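Per-entry structural report
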Amino acid sequence: MEKRDVLVVITENLLLSMYTITLEGEAEEIMKVKLSGKIGHSADIILIDRSLLVTAIGETVLRFWDLERNENYVLFPDVQLGFEAGECVNSVSYCTVKGLLAAGTNKGRIAMWRKASVSNQSARALEGKDRWKLQTPTELEGNITQIKWGSRKNLLAVNNMNSVVILSEQAMSSHFHQQVAVVQVSPNLLNVTFFSTGATHSLRVDMHITGVFATKDAIVFWNGKQVTVFECSGATLRNAGSFLCDSPVLAMHEESIYTVEPNRVQVRTWQGTVKQLLVFSEAEGNPCLLDVCGNFLAVGTDLAHFKIFNLSRREAKVHCSSKNLTELFPGLGGIASVKCNANGNKVSILVNKADENLDSKICFYDIEMDTVTLFDFKAGRGDGGAVPSYSGQEPEKSVTEHPELQDRIPVSHFWDHGEPRLFVCEAVLEPSLQFPDKQQRQTESSESTPDVLIISFFSTEEHGLLLQDSFPLPSTYQALLGIEVPHYYFAKKLLFRRGCVYKPVPGEAEKEAQVESGPVQLSQMVAKRPMRDFIGLEECDKTTREAMLNFSFYLTIGDMDEAFKSIKLIKSEAVWENMARMCVKTQRLDVAKVCLGNMGHARGAKALREAEQEPEVEARVAMLAIQLGMLEDAERLYKNCKRYDLLNMFYQASDQWQKAMEIAETHDRVHLRTTYYNYAKHLEATAECNLALNYYEKSDTHRFEVPRMLSEDLQALEIYVNKMKDKSLWKWWAQYLESQSDMESALRYYELAQDYFSLVRVYCFQGNIQKAAEIANETGNWAASYHLARQYESQDEIKQAVHFYTRAQAFNNAIRLCKENNLDDQLMNLALLSSPEDMIEAACYYEEKGEQMDRAVTLYHKAGHFSKALELAFATQQFGALQLIAEDLDEKSDPALLARCSDFFIEHAQHEKAVELLLAAKKYHEALQLCLNQNLTITEEMAEKMTVSKDSKELSEESRKELLEQVADCCMRQGNYHMATKKYTQAGNKLKAMRALLKSGDTEKIVFFAGVSRQREIYIMAANYLQSLDWRRDPEIMKNIISFYTKGKALDLLAGFYDACAQVEIDEYQNYEKAQGALTEAFKCLSKAKTRSPLEQESKLALFQSKMALVKRFIQARRVYSEDPKEAIRQCELLLDEPDLDSTIRLGDVLGFLVEHYLQVEEFQMAYRYLEEMRKRIPCVNLTYYVNERTIEAVHRGLGIPWNRNPVPERIRHNSMEDNKEVEEDVADEVEDP
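Residues numbered from 1 in each chain as written. Predicted model: local features only at pLDDT ≥ 70, side-chain atom pairs only at ≥ 80, totals over all residues. Heavy atoms only, no water.

On to the overall build of the protein chain, then. The helix and strand tally for the protein chain stands at 47 helices and 48 strands. Put simply, the protein chain has 1234 residues, and 48% of those count as buried. Considering only intrachain contacts with a sequence separation of at least 6, the fraction spanning at least 24 residues in the protein chain is 45%. For the protein chain, the computed accessible surface area is about 62,200 Å², with 48% contributed by carbon and sulfur atoms. (Helix = DSSP H or I, 4+ residues; strand = E, 2+ residues; numbered from the N terminus. Buried < 20%, exposed > 50% of the residue type's maximum accessible area, 1.4 Å probe, protein only. Contact = heavy atoms within 4.5 Å. Areas by Shrake-Rupley, 256 points an atom, 1.4 Å probe, with all protein chains shown as cover.)

This is the structure:
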């Protein structure tokens, strides 16, 4: 705890105290806790991983206390692994480098726990005890009191009271070759299995073995000093030779043994005689690695060279000259293992890193092509890019898409002895602390990554390295021994070992065998597992094996057609089943159909054909997987395509009810109740009735299913009914009791269920009709009332029967009784409440009787039989009823009927109602004429009814327009100008529509209508109307006037408008510049206009020119005044002599300009003279209208003349405006024809 500055103290009484150490060296207690355990025994306590306290105190368990996570747990030796019951743990020691926890027991055994190889994040997710895996124990003698790991990671010291023993860790040797497998069980005990015969031998030798090599003829052992050969002779093994040799490695082929010494390989006989030397140069190095595959020997040296020899002849010949791996691939370390394939054309090499640890790379050398390929498990890629793979996906996908293949280290590799293309390797996870990115991936993974993977490849020149299959090493197996089609071969883990007795961890097959035949005396330590494509074909012949290999190869490269061809002629159902299984991976349903046909799998073929209606490919493939028993694949496929409904059905069919309900509750809620129901049926079938009750309730089917299920146990059913308090169940139980004649109990349960009909029925059965009547009246239940009414009718109590028939809404029965018993007053009321058929029946009854005809008319009317009602009303002169009937008539009624009613209303001076009926009868002209004759106001509703649609076939287009114009004319007479405008527009007469709109005076609508009509006359009419408004103060109106005259091409009228604008500018604002601009525009417009009288146009143009000239002269005079006053005055005096000056320029403005000038130059006499001239020439205007009052006063004061301030009556307008005519005339009359 140094890094955390924490001190942990444990007393003899197992009291743990924890202190923090301050900077001053003082200790502050932060925790005190009593540890569990036996007191009075010597304790061995260690602290590992800086926070985990491990305690061994002579108990049967090893106790752990995690100080960080504040949790505790125990580990105990497992009896199944060879420990005895009650065996106590005395001492403990931990090796941090190896992650091994060793504990000594009182029976002389050393228990080993290996720490799980997971990332820190994953470790936190595991429970404490799950982080440790118990290993096979090591056996010694005596009571082990002390145990300690040595400084070297493979040494362990043990004190067993009598002596101290130092144990050295050694890897157990094993080898597989030519269907013979040898596995070392103890330092001098081996298990030998001959798969060709099925025989298993236990072989003990008199030395500690460090290596073993097996062939079909002999088995050779060595320990670095001596070599021993055992020959396979029938069912026994006999010693065929032994000799001294210090070779650390050894290989054997037929009758030759290959050993190494510096710079050469020795070829020996079984007795050790050297018969050939295979020499290596100093540059090549010393041979240190040997392997035989087929007829080829692969040799690797300590200087990273390798050489291949051909052993097919009497003497070994060089097949591939020496190659330097560092030259082929710079940067690689030494060779850890070298092996060649059966043809001798491919070499695979495992390499070491600089620190002598295995690298993540495998090097492949092609002898014929002289090329090197590198595959790096760290990235899952080769030097030439991603390695293609196949795993049920589309071909040519990268290994990097399979993260379980990444970040691994290959520890062993093998070539098949018969198939040169097939290569397999065993790969373990890299240390997670070195690769934090891997930790992250492991954290993200939902399942823990397998520690060891077995990965097989196809290696070819054309396609390179192809991933064929990968799967985790089964937990019962120790390591991969090799491959020989159609099996992988594995060494089993050792479960139990005591003296010469040993036992492997049983696999599934062994467990079944033990159940059938009892314990096996001598167990095989080697297991074989069929390759993926050979499941079911383990004992096939050579032809089938080759065909299946080709099939597997073509599947790997994704060529389904070639794969199909390769097994086309094979008749074995197992082959076709395997092909069908692969179709699940490849999703080739077309091939799967052929496979199912060859298998004779009729049910599967039918299911696959029915599944074709599913839209998702995965859903169809999942059905194929189900038929082939590949349930995990089916589950995965349904999840991938999110077909949770089918997944739910799958779980139900496979008896996985909990999963089915989870899926239904989370993803398939539409089938939730169905799932509950099916599960309840399943529980009922398995006699779990109490649980079935719950799920019937959840599925909301308990009201029927539970009584059915409990029909044999009536007491339980009654208890359930009373407990549930469900009305449906109460009713069911009441019906059952009634069937058993228990009427009182039945009545009680009917009342609880509020089944009033059944209550009334039972009371009537018992004769208690008074009680039944009370219930029917209180509840108003229709069924109860009807049943009671039938009872009263049967007893001839007619009034009561009619009453309850009415309560039951059975009016036809009540009416029947009223007719039969002459209850006419009740009959009318009941008929009005009943259906139209009953109303007509009652009306016929009144009509036949000839009395109360008003009731007959009313009923016919209410029933919708208007013609009959009217006929009867006319016949009996019931005018009040006629009015009521007429109110319900509409356009759907009979036209003749409508016409008859309208005539009736005209006769009785109800003209508005008559018009409505005429319009409903589509007699538009008559209705319009009636409106004109009687001066009826045409409402908008009436006008709309008179408007016949264009699609109508009742009137021709001309008649329709004529009718609309007549309606519009009528609206004009009545002053409804907007409606008239609308109808004129609908009739297509836009001019009349505009005139009507002008009459309305709605400026906004006039402007809008003119804009949308786009007719010359309408533009002119709108502009003329707008001139009658106060356009001088509203620029928008002026803008519209100009726009409409322009669009209407009335340039002469536009010229007149511009002339008026110019006059306004002069009279109102004395703005002669703007007036000049307006006159210019007027001249331009008039010059472009096309008028009827050219002479008149010329005279107007001349007038405009004259006005423009006069205005221009006055403007020029005022403009040059500041520069040349004399010239300006002269021009003004000349203007006064112009004959028509007053029609263009105001005289007062010219004379006022002169007065101001002469006052300024103090020529008061001249100023006064022009004032007097102004009085003479403009007699009716006050002088101050043109000249400032101060100016007049100054002139008079300058001459000494008194000034009379009494104003002269002022003229209202300039004389040029007095001649304007009133604009109140009809503006439309001003439109001239073009």
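Quick look at the pairing of strand E7 (residues 71-75) now. As paired elements, strand E6 (residues 62-66) and E7 share five bridges and run antiparallel to each other. Bridge pairing in E7 places Trp-65 opposite Asn-72. The turn linking E6 back onto E7 is made up of four residues, and Asn-70 within it adopts a positive phi angle of 55°. (Pairing = 2+ DSSP bridges.)

Their axes nearest at 10 Å, the elements helix H21 (residues 769-779) and helix H22 (residues 782-794) cross at an angle of 145°. Crossing geometry of H21 relative to H22 is assigned as left-handed. Contact residues: Ile-769, Ala-772, Ala-773 and Ala-776 in H21; Ser-785, Leu-788, Gln-791 and Tyr-792 in H22. Here the residues of the contact of H21 with H22 are counted per class, giving six nonpolar, two polar and no charged. (Axes fitted to C-alpha atoms, helices over the stretch in contact; angles between N-to-C directions. Left-handed = near helix turned anticlockwise from the far one by under 90°. Nonpolar A, V, L, I, M, F, W, Y, C, P; charged D, E, K, R; others polar.)

Turning next to the side chain of Gln-276. For Gln-276, the position within the fold is in strand E27 (residues 274-279). For Gln-276, the residues in contact, after removing those within four places along its chain, are Val-265, Gln-266, Val-267, Glu-315 and Ala-316.

Bringing the side chain of Ser-412 into the picture now. Along the polypeptide, Ser-412 turns up in strand E40 (residues 408-415). Judged by relative accessible area, Ser-412 falls into the buried class, the value being 14%. With sequence-adjacent residues up to four places away left out, Ser-412 is seen in contact with Leu-350, Val-424, Cys-425, Glu-426 and Leu-480.

Turning next to a nonpolar patch on the surface. Judged by side-chain polarity, Leu-7, Val-9 and Ile-21 come together as a nonpolar surface patch covering roughly 200 Å² of accessible area. Mapped onto the fold, Val-9 is located in strand E1 (residues 6-10). When its relative accessible area of 34% is taken as the criterion, Val-9 is described as partly exposed. (Patch = residues over 30% accessible without salt bridge, like charges linked within 9 Å, V, L, I, M, F, W, Y side chains within 5 Å. Salt bridge = Lys/Arg side-chain N within 4 Å of Asp/Glu carboxyl O.)

Overall, antiparallel pairing links the four strands, which are arranged E4-E5-E6-E7 in an open sheet. Edge strands, defined here as strands with exactly one partner in the open sheet, are strand E4 (44-48) and E7. Averaged over all pairs of adjacent strands, the angle between strand axes in this sheet comes to 20°, irrespective of strand direction. Of the strand pairs in this sheet, E4 and strand E5 (residues 52-56) are connected by five bridges, and their pairing is antiparallel.

Let's shift gears to the packing of aromatic side chains. Counted under the stated rule, the structure contains 31 aromatic pairs. Summarising the aromatic geometry, the rings of Tyr-477 and Phe-490 are spaced 4.9 Å apart at their centres and angled 15° between planes, so their arrangement reads as stacked. Residue Tyr-477 is found in strand E44 (residues 477-484), and its partner Phe-490 is found in strand E45 (residues 487-492); the two are separated by 13 residues along the sequence. Each member of the pair, Tyr-477 as well as Phe-490, is classed as buried. Three or more aromatic residues joined by ring pairs form one cluster here, namely Phe-364, Phe-375, Phe-377, Trp-415, Phe-423 and Phe-457. The cationic tip of Arg-421 hangs over the ring face of Phe-553; the distance from NZ or CZ to the ring centre is 4.9 Å. Note that Arg-529 overlies the ring of Phe-471, its terminal NZ or CZ placed 3.9 Å from the centroid. (Phe/Tyr/Trp six-rings, centres within 6.5 Å; stacked < 30°, edge-to-face > 60°. Lys NZ or Arg CZ within 6 Å of the ring centre and 35° of its normal.)

This brings us to the sheet that holds strand E2 (residues 15-21). Read from one edge to the other, the open sheet built from three strands follows the order E1-E2-E3, with strand pairing classed as antiparallel. Each having just a single partner strand, E1 and strand E3 (27-34) make up the two edges of the open sheet. For this sheet, the mean angle separating the axes of adjacent strands, direction not counted, is 20°. In terms of strand pairing, E1 meets E2 through five bridges, oriented antiparallel. Counterpart to Val-9 in the pairing with E2 is Ser-17.

On the surface, a cluster of positive charge is contributed by Lys-275, Arg-313, Arg-314 and Lys-317. The residue Lys-317 is located in strand E31 (residues 317-324) in this model. For Lys-317, a relative accessible area of 43% translates into the label partly exposed. (Lys, Arg positive; Asp, Glu negative; His and termini not counted. Charge placed at Lys NZ, Arg CZ, Asp CG, Glu CD.)

Evaluation of the coordinates by the stated rule reveals 34 salt bridges. Between Arg-264 and Glu-261 there is a salt bridge, with the nearest N and O atoms lying 2.1 Å from each other. Accessibility expressed as a relative area gives 32% for Arg-264, which makes it partly exposed. On the accessibility criterion, Glu-261 (21% relative accessible area) is partly exposed. Of the charged contacts, one joins Lys-323 and Asp-370 as a salt bridge, the two residues approaching to 3.9 Å between their closest N and O atoms. Linking Lys-323 in strand E31 with Asp-370 in the loop between strand E34 (358-366) and strand E35 (371-376), this pair joins segments that are 47 residues apart in sequence. Shared partners join several salt bridges into a network, and the residues in it are Glu-84, Glu-87, Arg-109 and Glu-139.

Of note, the bond from Val-485 into Pro-486 is cis; its omega dihedral lies within 30 degrees of zero at 15°. Take Pro-486: it is sitting in the loop between E44 and E45. In this model, Ala-687 sits at a positive phi of 65°, which is unusual for a non-glycine residue. Looking at the element boundaries, Ala-687 is found in the loop between helix H14 (672-685) and helix H15 (689-698). Here the phi dihedral of Asp-700 falls at roughly 60°; this positive angle occurs in a residue that is not glycine. Summarising the element assignment, Asp-700 is placed in the loop between H15 and helix H16 (702-709). In this structure Asp-700 comes out as partly exposed when scored by relative accessible area, which is 37%.

A few words on the pairing of strand E22 (residues 226-233). With five bridges joining them, strand E21 (residues 218-222) and E22 adopt antiparallel strand pairing. Residue Trp-222 lies in a different strand from E22, and its bridge partner there is Val-227. Here E22 runs beside strand E23 (residues 236-244); their pairing, made up of eight bridges, is antiparallel. Note on E23: the bridge partner recorded for Ser-233 is Thr-236. Linking E22 to E23, which pair antiparallel, is a turn of two residues; within it Gly-234 sits at a positive phi near 65°.

Across the protein chain, the average pLDDT comes to 75, with 67% of residues at or above 70. The low-confidence segment residues 511-520, where pLDDT is below 50, has four contacts with residues more than four positions distant or belonging to other chains. (pLDDT = per-residue confidence, 0-100.)

Taken together, the buried positions of helix H8 (residues 589-599) are occupied by Leu-589, Val-591, Ala-592, Cys-595, Leu-596 and Met-599. Within H8, the buried residues cover an arc of 145° as seen down the axis, which keeps them to one side. Buried-residue contacts for H8 involve helix H6 (560-566), helix H7 (573-586), helix H9 (602-610) and helix H10 (617-627). Two residues or fewer past H8, Gly-600 is found with a positive phi of approximately 70°. (Arc of directions from axis to C-beta.)

Another aspect to go through is H10. Those residues of H10 lying buried are Ala-619, Arg-620, Val-621, Ala-622, Leu-624, Ala-625 and Gln-627. Looking one or two residues past H10, Gly-629 carries a phi angle of roughly 80°, positive in sign.

Examined against the element boundaries, Leu-717 turns out to sit in helix H17 (residues 714-724). Given a relative accessible area of 0%, Leu-717 falls into the buried group. Along the sequence, Leu-717 and Val-706 sit eleven residues apart, while their C-alpha atoms lie 7.9 Å from each other. Leave out the neighbours within four places in its chain, and Leu-717 touches Val-706, Pro-707, Leu-710, Trp-732 and Trp-733.

In this section: the environment of Glu-1173. Within the secondary structure, Glu-1173 is located in helix H45 (residues 1164-1177). The residues contacting Glu-1173, other than those within four sequence positions of it, are Leu-1136 and Leu-1151.

A word on the environment of Glu-1133. Relative to the elements of secondary structure, Glu-1133 occurs in helix H43 (residues 1125-1136). In sequence terms Glu-1133 and Leu-1154 are 21 residues apart; their C-alpha atoms lie 8.2 Å from each other. Contact partners of Glu-1133, with chain neighbours within four places excluded, come to Leu-1154, Tyr-1158 and Tyr-1170.

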